[in-house]
Amino acid sequence: MSIFDVRHQPRAHRMIQRALSGNRVPHAYVFHGPDGVGKEAFATAFAQLLLCPNPRSAETDLRKRSELADWTGPAMDACGECDDCRAVRADTHPDMHRIYRQLNAFHPDTAVRNRKALDLGVDVVRHFVIDAVGAKPARGRAKVFIIREADRITTAAQNALLKTLEEPPATTFLILLVSSLERLLPTTFSRCQLVSFSPLPQDFVALQLRELRPELEDNAITYVAQLAEGSLGLALQYVDDGIPAIRDRIVTPLERLDAAGGSTVVKDWMESAKSLGAACRRRDPEISDTESQRQGLNVLLALASAWYRDRLRSAAGKAETGPRATLCADAISAINTAAQQIELNANVQLCLEALVFRLAWQRAS
Amino acid sequence: MKLRVNRHELAEGLAAVSGVTTSRTPKPILQCVLMEAQGDCCVLKATDLEMSVSFTVTQVEVEEKGDILVSADKLSQIVRESGDETLLLETGEGLCHVRGQDSHFQIYQQDTREFPPVPSGGGPADFELETGELRRLVGWTAFAAARETSRYAINGVLWELQKGHLSLTATDGRRLSHAEGKPKTTTDRSLRAIIPIKALNLFMRIVGEAEGDVGISVTENENQVVLRSSRATVTSALVEGQFPNYRDVIPTDSDKQADLNTAEFLSAIRRAALLTNDESRSVKLSFQGDELVLTGRAPEEGEAVVRMLAAFQGEPLDIGFNPVFLVDALKVVESDRVTLELKASNRPGILRCGPNMLYVVMPLNLS
């Protein structure tokens, strides 16, 4: 893969190319931004570029395509043909280390192996990062560590990593991928170069969806692309969880919501949340029951919120804005409140009941 | 590929390479062993990406050249459980067939092209050593190296070769051991490389005493070390970093010296250490005249006093040491007598065993 296949991240491209052209590549990077916008793809391509023995200057059309058109400096790319490039593509390069929380299953210590991989613990970081940094590269050019979900590195592990982040051996590069920067210690990210990634344009997500999931119908593509808010990863996840099909079951009751039918809606939603949670669970078997339920509910509330947002948009276009538009806005803020409460560990059943009755009451008044 | 192999030979080879085929790795191909049948031998190769081993199995009749890549664990089990004198190994349609007299195993093969390249370590060695000498040098140093610390450079043994003179040094910051040796043959190259303990231990395990000389070389880019005996080759990534300037640490102004019987000293320290604990870890060594008194004291447990003869020269001195550090070194001493050189109770001591081996150990505070 060429590094320029990662699209719509001009800032990241520019920072990397500037570092390369000045021959001053920092030893530690934090790539931050929403999930599913190309952070890992970009990190992998960057690793390939660092490991490739004969990188070449990128062709003009490639540069143009990735919004680097006004970049005047040289733009480098991996050759894509050498043994190192092939090994990176096959994910077997001995100098590219991908670190993720489930690696604990391969730790030499039984106690660590038997633990649930809820976060990136200090044992995993010590064994797979800190110890591995101490060895010289196997093929001679560099060693690259890509740490997935680095915002789930425990505080102890971040502290253990500080020394390595500050002054790794000359040929070592660490790339931390995070979705929320706040969860990193200030001591961690102050030692790294920050590169921010932004959400992708909606039509790009739709285009990619059409290519990657050709069986999907047009209106489903548009709907999912809109719902994913610029994250291709999330969009694909929604498609694979069958969101387009589930959608009607969740939002149709909203159209004729009343206090009498409220409890049925709550029951329905709880069921849907459970099945959505089960889908999250399949993707990541390590997460707890509560966490999977919470993730399912988040998707469900996002669907409901999107439905009201659509209504708000169409209401705003009409002359008689007034009550209907405010109703939608109130509903959205009610949903947000519920999502926040659930995030703060409130009772899910009570939260949903309160939300549904509030929505019903708003409709009636 | 098709070959007939002596079962014991194959078992030995598989045991040698099993040191790097870990059962736990995110990349399943690293659990495999690659067998290359060539000419009149068969080479077994395995790697964990940091370290690779290749081992030549003789007593093989190669009927058809070729490669097999199969799970090292399964093949070892089959070879171990079979009772036959020889086994026939053959490839066909993605399977590896292992035939004994009354048995036939089929194991699924992996694609040999996906196996990471195992460095061959060809070319002449930078220097050669007798196996016994290597064992002596590594034995005297490897135990003192640090384990799992973020100061990478001391997680291995520093090898220095200069003008035909070889020295090995290891430290963990509290003690340092240093040994000097003479290679049998050497090139003009000056070397300074930190070799990981894991690679040294693995190589020492594989190499038998009877194997004669071993060759050691460092690759041109100074990233890899190749340790080679007549049958086995171990290559490993070197350790990163700058080894501390250890020569400044070795005291040169010691004015007191004790000549001690190794076995008696070891036993005395072990006994005195019985009454120490985590809070008071030190054993006090009191030298006076021809007597050494070792005292261990554990609060709320008791006190141990052990006396032994020591040929001591100098002013009487009390000094405290961590018994573990002394025991570690005394365990690998081969000579009957050792000397302990001291200066003061707050200065490091040097344990010497012959002219070529020394061990510096920091004292503990006695108060």
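Every chain begins its residue count from 1, and numbering advances along the sequence as written. Chains and ligands are labelled sequentially in the order written, the chains with letters from A and the ligands with numbers from 1. Totals for whole chains, interfaces and linings use all residues, but because this is a predicted model, local features are given only for residues with pLDDT of at least 70 and pairs of side-chain atoms are given and counted only at 80 or more. As a rule here, side-chain values come from all non-hydrogen atoms in the structure, and water together with hydrogens is ignored.

Student: Sorry, what's going on with the overall build of chain B here?
Tutor: Helix and strand counts for chain B stand at six helices and 27 strands. When its C-alpha atoms are laid out on the principal axes, chain B stretches across 80 × 50 × 35 Å. Here chain B, with 367 residues, has 54% of them falling under the buried criterion. Within chain B, counting contacts between residues at least 6 apart in sequence, those at least 24 apart form 67% of the total. Methods summary: accessible areas were calculated by the Shrake-Rupley approach with a probe of 1.4 Å, and residue burial reflects only the protein chains presented. Accessible surface for chain B amounts to roughly 17000 Å². Of this, 45% is attributable to carbon and sulfur atoms. In this text, helices come from DSSP runs of H or I with a minimum length of four residues, and strands from runs of E with a minimum of two, each type numbered from the N-terminal end. Relative accessibility thresholds used throughout: buried, under 20% of the residue-type maximum; exposed, over 50%; partly exposed, between the two (1.4 Å probe, protein chains only). Residue contacts are counted whenever heavy atoms from the two residues lie within 4.5 Å of one another.

Student: Help me understand a negative patch on the surface, please; the structure alone is not making it clear to me.
Tutor: Residue and element names in this part refer to chain B. Patches here: salt-bridge-free residues with over 30% relative accessible area, like charges joined within 9 Å, nonpolar side chains (Val, Leu, Ile, Met, Phe, Trp, Tyr) joined within 5 Å. By convention in these notes, a salt bridge is any Lys or Arg side-chain nitrogen within 4 Å of a carboxyl oxygen on Asp or Glu. Residues scored as charged are limited to Lys and Arg (positive) and Asp and Glu (negative), so that His and the chain ends carry no count. A single reference atom marks each charge: NZ on Lys, CZ on Arg, CG on Asp, CD on Glu. A contiguous patch of negative charge on the surface is contributed by Asp278, Glu279, Glu300 and Glu301. Among the structural elements, Glu300 can be located in the loop between strand S21 (291-298) and strand S22 (302-309). The class of Glu300 is exposed, set by a relative accessible area of 87%.

Student: Is there a simple way to explain the interface of chain B and chain A in this structure?
Tutor: You'll often see interface size given as the accessible area lost when the parts meet. The interface of chain B with chain A comprises 18 residues on the first partner and 28 residues on the second. Put simply, buried area is the surface a 1.4 Å probe can reach on two separate parts but cannot reach once they are joined, added for both. Here chain B packs against chain A, burying approximately 1800 Å² in sum over the two surfaces, 56% of which is carbon and sulfur. Together, Arg24(B), Tyr152(B) and Glu240(B) form the three largest contributors to the area buried by chain B at its contact with chain A, with a combined 36%. Across the contact surface, chain B and chain A share one salt bridge. Here Lys143(A) ties to Glu240(B) by a salt bridge, and the two come within 3.2 Å at their closest N and O atoms.

Student: It is not clear to me how the side chain of Asn322(B) should be interpreted in this structure. Could you clarify?
Tutor: All names here are of chain B. Looking at the secondary structure, you find Asn322 in the loop between strand S24 (317-321) and helix H6 (323-332). Judged by its relative accessible area of 7%, Asn322 falls in the buried class. Setting aside chain neighbours within four positions, we find Asn322 in contact with Arg281 and Leu364.

Student: Explanation requested: unusual backbone geometry in the structure shown.
Tutor: Excluding glycine, most residues fall at negative phi; most peptide bonds, likewise, are trans. Located in the positive-phi region is His8(A), a residue other than glycine, with phi close to 60 degrees. Relative to the elements of secondary structure, His8(A) occurs in the segment before helix H1 (10-21). Backbone geometry at Gln59(B) places phi at a positive 55 degrees, although glycine is not the residue there.

Student: How should I be thinking about the confidence of the model for chain B in this particular structure?
Tutor: Close inspection of predicted coordinates is inappropriate in any region flagged by low pLDDT. Each residue gets a pLDDT score, which is the predictor's confidence in that residue and runs from 0 to 100. Mean pLDDT over chain B stands at 88; residues scoring 70 or higher make up 98%. For this predicted complex, the interface confidence score (ipTM) comes to 0.73, while the overall pTM stands at 0.79.

Student: Help me understand the pattern of salt bridges, please; the structure alone is not making it clear to me.
Tutor: Where charged atoms of side chains with opposite charge meet at close range, the side chains can pair. Residue and element names in this part refer to chain A. Going through the model one piece at a time under the given rule, you end up with 38 salt bridges over all chains. Here Arg98 makes a salt bridge to Asp91, at a shortest N to O gap of 3.4 Å. What makes Arg98 buried here is its relative accessible area of 17%. Asp91 gets classed as partly exposed once you look at its relative accessible area, which sits at 34%.

Student: Explain the sheet that holds strand S8 (residues 95-99) of chain B here, please?
Tutor: Strand-to-strand pairing in sheets goes through backbone hydrogen bonds, with the strands running parallel or antiparallel. Residue and element names in this part refer to chain B. Strand pairing follows a simple DSSP-based rule, namely that at least 2 bridges must link the two strands. One open sheet holds the five strands; their spatial order is S5-S1-S7-S8-S9, and the pairing between them is antiparallel. Taken across any chain shown, the strands that pair with only one partner, and hence form the sheet edges, are strand S5 (60-64) and strand S9 (104-108). Taken pair by pair, the neighbouring strands of this sheet meet at an average axis angle of 20 degrees, ignoring direction. Where strand S1 (residues 2-6) lies against strand S7 (residues 86-92), five bridges are found, and the strand directions are antiparallel. From the neighbouring strand, Leu3 faces S7, where its bridge partner is Leu89. In this analysis an axis means a line fitted to C-alpha atoms, helices contributing only their contacting stretch, and an angle means the value between N-to-C directions, from 0 to 180 degrees. Here helix H2 (residues 72-81) sits on the sheet in contact with S7, S8 and S9, set at roughly 170 degrees to S9.

Student: Would you mind showing me how to read the domain arrangement of chain A here?
Tutor: Residues and elements named next belong to chain A. Where a domain begins and ends is set by an automatic assignment or by a domain database. In terms of domain boundaries, chain A breaks down into domain 1 (3-196) and domain 2 (241-364). Between domain 1 and domain 2, the contact holds five residues from the first and five residues from the second. Its largest share of buried area at the contact with domain 2, domain 1 owes to Arg101, Lys116 and Leu118, together 63% of the area lost on that side. Joining domain 1 to domain 2, the criterion identifies zero salt bridges. Whenever a nitrogen or oxygen atom comes within 3.5 Å of another N or O atom, the pair is scored as a polar contact, on the condition that within protein one atom can donate a hydrogen and the other can accept it, and that pairs from neighbouring residues in sequence are kept only if both atoms are in side chains. The tally of links from domain 1 across to domain 2 stands at zero residue pairs in polar contact (both at pLDDT 80 or more).

Student: Honestly, the packing of aromatic side chains in this entry has me stumped. Any pointers?
Tutor: The relative placement of two aromatic rings is captured by the distance of their centres and the angle of their planes. Residue and element names in this part refer to chain A. A pair of aromatic rings is counted whenever rings of Phe, Tyr or Trp (Trp by its six-membered ring) have centres within 6.5 Å, and the orientation is called stacked for planes under 30 degrees apart, edge-to-face for over 60 and tilted otherwise. For the structure shown, the criterion picks out 11 aromatic pairs over all chains. Measuring from centroid to centroid gives 5.8 Å for Phe31 and Phe42, while their planes differ by 55 degrees, and the two rings are tilted. Linking Phe31 in strand S1 (residues 28-32) with Phe42 in helix H2 (residues 39-51), this pair joins segments that are 11 residues apart in sequence. You can call Phe31 buried: its relative accessible area is 0%. Aromatic pair Phe42 and Phe197: ring centres 5.6 Å apart, planes at 75 degrees, arrangement edge-to-face.

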